[in-house]
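Summary of structural features
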Amino acid sequence: MFDKPNQIIFYLNVVMLVFGVLVALLTDFIVIGAIFAICAALLIADQIRQNRFEFSIPDLRKLLTVHDTCGKKATVTQTQMTTACHSDNSKYWFKNIRAIGGISNFRINNNEPAEQRKEGENYQICVQFPPELKATDGTDLTLTYEYEGAFTQNEGILTHVIDDDTRRLHLSVVLPAGRALSTARFFCIHNGKEEALLPPVISGNTKIDAEIDNPRRGAEYCLQWNWEEEGLLKKVSCLF
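As a starting point, this report considers the structure included with it. Here the structure is a predicted model, which means the values were calculated and not measured.

**Some thoughts on the overall build of the protein chain**
Looking only at helices and strands, one finds three helices and 16 strands in the protein chain. Split into buried and exposed, the 240 residues of the protein chain put 39% on the buried side. The long-range fraction of contacts in the protein chain, counting pairs at least 24 apart against all pairs at least 6 apart in sequence, stands at 74%. When the accessible surface of the protein chain is split by element, carbon and sulfur atoms take 56% of a total near 13,700 Å².

**A closer look at the pattern of salt bridges**
In the structure shown here, the tally under the stated rule is twelve salt bridges. We note a salt bridge from Glu112 to Arg107, for which the minimum N-O separation is 3.0 Å. Among the residues examined, Glu112 registers a relative accessible area of 58% and is labelled exposed. Arg107 gets classed as partly exposed once you look at its relative accessible area, which sits at 21%. For Asp209, the salt bridge identified is with Lys207, shortest N-O distance 4.0 Å. One network of salt bridges, with partners in common, ties together Asp59, Arg61, Arg168, Glu211 and Asp213.

**Brief notes about the side chain of Asp209**
Relative to the elements of secondary structure, Asp209 occurs in strand S15 (residues 207–213). A relative accessible area of 15% places Asp209 in the buried class. Polar contacts involving the side chain of Asp209 include one to the side chain of His170, which spans 3.1 Å. At a separation of 2.5 Å, a polar atom in the side chain of Asp209 contacts the side chain of Ser172. For Asp209, the contacting residues outside a window of four places in its chain are His170, Leu171, Ser172, Pro200 and Val201.

**Notes on the side chain of Ser56**
Within the element layout of this structure, Ser56 appears in strand S1 (residues 55–57). Owing to a relative accessible area of 17%, Ser56 belongs among the buried residues under this scheme. Ignoring anything within four residues of it in the chain, the contact list for Ser56 reads Met81, Thr82, Thr83, Cys85 and Asp165.

Rules used in this analysis
Residues numbered from 1 in each chain as written. Predicted model: local features only at pLDDT ≥ 70, side-chain atom pairs only at ≥ 80, totals over all residues. Heavy atoms only, no water. Helix = DSSP H or I, 4+ residues; strand = E, 2+ residues; numbered from the N terminus. Buried < 20%, exposed > 50% of the residue type's maximum accessible area, 1.4 Å probe, protein only. Contact = heavy atoms within 4.5 Å. Areas by Shrake-Rupley, 256 points an atom, 1.4 Å probe, with all protein chains shown as cover. Salt bridge = Lys/Arg side-chain N within 4 Å of Asp/Glu carboxyl O. Polar contact = N/O pair within 3.5 Å; in protein donor to acceptor, adjacent residues only side chain to side chain.

Set out below in structure tokens:
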């Protein structure tokens, strides 16, 4: 959580805290030791407060809706309550948006993004908070975007990388009727290692849901599914 200079200050404060406690317990200078300990504890608490994540998210829901059995058209809707940890945080960036196939029409609360970047195959989308909004009180954000030709294979995947302090993550996929779902799984990738998670819930052979509490920051959570193989006639029709 701390960079190197902050780590040094943190350790010095810890040493001062321990010194104050020892002086208060082992010598007659109880008041002086208590003052040292209290001051050190306050400095540590303030440093932790100032070095918290920039934003906290109690609940994040990401929904992928595939509109046709060919998997050509799809929409993602991501909703979250976003709370700034510092009063000077005036922008929020949606990061690690993977460009599967064509991706377009980014909207935040039905408005154009303030900024948009692309790094490799990933997009970053920014919202600027208005001056009258106190972001430290929390604000509801809804990001939407569209995929074109992203889920034409038998295997599809919805992913999310945890960039902020998040308490709960919910991933959902809604598939069109008319193409049977064969398998689905939920897993995460952290530090290059894949870890299987509890199986997702499948409803009506068209909806897949997965949820996890306290997801790890920096981990990529993946909801993957397989459709049944389509017949030759259907495959040909999807080419047009």
